[in-house]
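Spelled out from the first residue to the last, the chains are:
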Amino acid sequence: MITKTEQFTVRHDSVTIPVTRGGEGRPLVLCPGLTSTQAELCELVELLRRDFDVFTFDLRGHGYSSPAVRYSFDTFLGDFAAVMAAIGRLDLPTAPSLAGHSYGADLILHYAAEYPGTVGGLIIIDGANPLPAPFITQADLPEFRALWEYVATRQETIKGTPHQVLLTAQQILDLNLELDVIRSGIDLEIDVVGAGILDLYRKIDRPIHLIMATAMAGDSSEGRVPRHNRLWRAGMDRLVRERPDIAISELDATHGLVVTHAQDVAHIIRTAHTPAARPAS
């Protein structure tokens, strides 16, 4: 089924962000993650449009959105706030629910903590995890640097398409390191320890549903993969202890679950705010 869509443009901080709207039902804003685009999430978007009035967009420097001079968590969050302000001027029947994957999950969490009255609920998809320790340590840097260099090189072949990501490998790595500190509250370089995003979860009184991958970093038993998966699980456990009212659904998948398990993710989102929808498997 192909859903009729419409588009409007948001301009913020010298960045142009086209926003696409399609579907019928409760309003839902879907925020992609870093190095991901709405084109990559096309199957999930189409599935959601069967039950929701879905708003989608690309982060600055991604997909249809224009590149920027600066890339930081605050600039991405400012763009998201500008998109939400534009949506807020529409005649919607209810405040929209927000769904975000990976980096996008952290953006919607921060936004909801700052603007609680504009949000109907949150669907956190394998992101916004209050990690008890940094994900990327000095031992991990060579592997992650190589990973993002590979991604940046591959992006050269799809430049000019809806799948493009215009950030450099160093910019992507820097954003991940910054996010590590935001999530955990720990900056190893300056020896600072804080509560991280756990404090944000304490502030939000909207319904929250987590959709998490059981093997976020992959299913290998070699190298640093087991450590990363254990740390991801520890962050989830930490959140459940703090907020036992938060619903969690786990999928037997990796971090790419929004693509590999689009139907499962759409089904969970469809029922996320109903009393029966509190699965843990």
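Predicted model only: the values in this text are computed from it and were never measured.

Section: helix H9 (residues 262-270)
Here's step 1: All of the buried residues along H9 are Ala-262, Val-265, Ala-266, Ile-268 and Ile-269. The buried residues of H9 occupy an angular sector of 165° when projected down its axis, which confines them to one face.

A closer look at the sheet that holds strand S9 (residues 208-213)
Here's step 1: Strands sit in the order S1-S2-S4-S3-S5-S6-S9-S10 across an open sheet of 8 strands; the sheet is mixed. The sheet terminates laterally at strand S1 (5-12) and strand S10 (247-251), the two strands that pair on one side only. For this sheet, the mean inter-axis angle between neighbouring strands, taken without regard to orientation, is 20°.
Here's step 2: Of the strands in this sheet, S1, strand S2 (15-22), strand S3 (26-31), strand S4 (52-56) and strand S5 (97-101) touch helix H2 (residues 73-88), which is tilted by about 130° from S1.
Here's step 3: Each of S3, S5 and strand S6 (121-125) is contacted by helix H3 (residues 103-114), which is oriented at about 145° to S5, the strand it contacts most.

Some thoughts on unusual backbone geometry
Here's step 1: Despite not being glycine, Asp-13 shows a phi value in the positive range, around 55°.
Here's step 2: Inspection of the secondary structure assignment puts Asp-13 in the loop between S1 and S2.

As for the nonpolar core
Here's step 1: Counting 65 residues, the largest nonpolar core has Phe-57, Phe-80, Leu-98, Leu-109, Leu-122, Ile-124 and Tyr-201 as the members making the most contacts within it.
Here's step 2: Per-element accounting of this core gives the leading share, 10 residues, to H2.
Here's step 3: Discounting chain neighbours no more than four positions away, the residues touching Ile-124 are Gly-100, Ala-105, Ile-108, Leu-109, Tyr-201, Ile-208, His-209, Leu-210, Ile-211 and Met-212.
Here's step 4: If you look at the next biggest cluster of nonpolar residues, it comprises 24 residues, including Leu-251, Ala-253, Ala-262 and Ile-269.

Focus: the packing of helix H4 (residues 141-155) against helix H5 (residues 169-184)
Here's step 1: The contact between H4 and H5 brings their axes to 8 Å, and the two run at 135°. For the element pair H4 / H5, the angle class is oblique. Crossing of H4 against H5: the hand is right-handed. Every residue of H5 that contacts H4 at Leu-141, Phe-144, Arg-145, Trp-148, Glu-149 and Ala-152 is listed here: Ala-169, Gln-170, Ile-172, Leu-173, Asn-176 and Leu-177.
Here's step 2: Its residues assigned to classes, the contact of H4 with H5 comprises 8 nonpolar, 2 polar and 2 charged.

Observations concerning the pairing of S4
Here's step 1: Here S4 lies mainly inside the structure; 5 of its 5 residues are buried.
Here's step 2: On S4, burial covers both faces: Phe-52, Val-54 and Thr-56 on one face and Asp-53 and Phe-55 on the other are all buried.
Here's step 3: By the bridge criterion, 3 bridges tie S2 to S4 in an arrangement that is antiparallel. Across the sheet, residue Thr-20 finds its bridge partner in S4, namely Thr-56.
Here's step 4: The pairing of S3 with S4 spans 5 bridges and is parallel. In the strand pairing of S4, Arg-26 is matched with Phe-52.

Re the side chain of His-101
Here's step 1: Looking at where His-101 falls in the secondary structure, it is placed in strand S5.
Here's step 2: With a relative accessible area of 8%, His-101 lands in the buried category.
Here's step 3: If near-sequence neighbours (up to four positions away) are discounted, His-101 is found in contact with Cys-31, Pro-32, Gly-33, Ile-125, Asp-126, His-255, Leu-257 and Val-258.

Points about the pattern of salt bridges
Any two side chains of opposite charge can pair, given that their charged atoms come close.
Here's step 1: Tallied over the full model, the rule gives 16 salt bridges.
Here's step 2: As a salt-bridge pair, Asp-53 and Arg-21 come within 2.6 Å of each other at their nearest N and O atoms. Separated by 32 residues along the polypeptide, Asp-53 in strand S4 and Arg-21 in strand S2 bring together distant segments of the chain.
Here's step 3: Its relative accessible area of 8% is what places Asp-53 among the buried residues.

Calculation notes
Residues numbered from 1 in each chain as written. Predicted model: local features only at pLDDT ≥ 70, side-chain atom pairs only at ≥ 80, totals over all residues. Heavy atoms only, no water. Buried < 20%, exposed > 50% of the residue type's maximum accessible area, 1.4 Å probe, protein only. Helix = DSSP H or I, 4+ residues; strand = E, 2+ residues; numbered from the N terminus. Arc of directions from axis to C-beta. Pairing = 2+ DSSP bridges. Axes fitted to C-alpha atoms, helices over the stretch in contact; angles between N-to-C directions. Contact = heavy atoms within 4.5 Å. Core = buried A, V, L, I, M, F, W, Y, C linked by side-chain atoms within 4.5 Å. Parallel < 35°, antiparallel > 145°, perpendicular 65-115°, else oblique. Left-handed = near helix turned anticlockwise from the far one by under 90°. Nonpolar A, V, L, I, M, F, W, Y, C, P; charged D, E, K, R; others polar. Salt bridge = Lys/Arg side-chain N within 4 Å of Asp/Glu carboxyl O.

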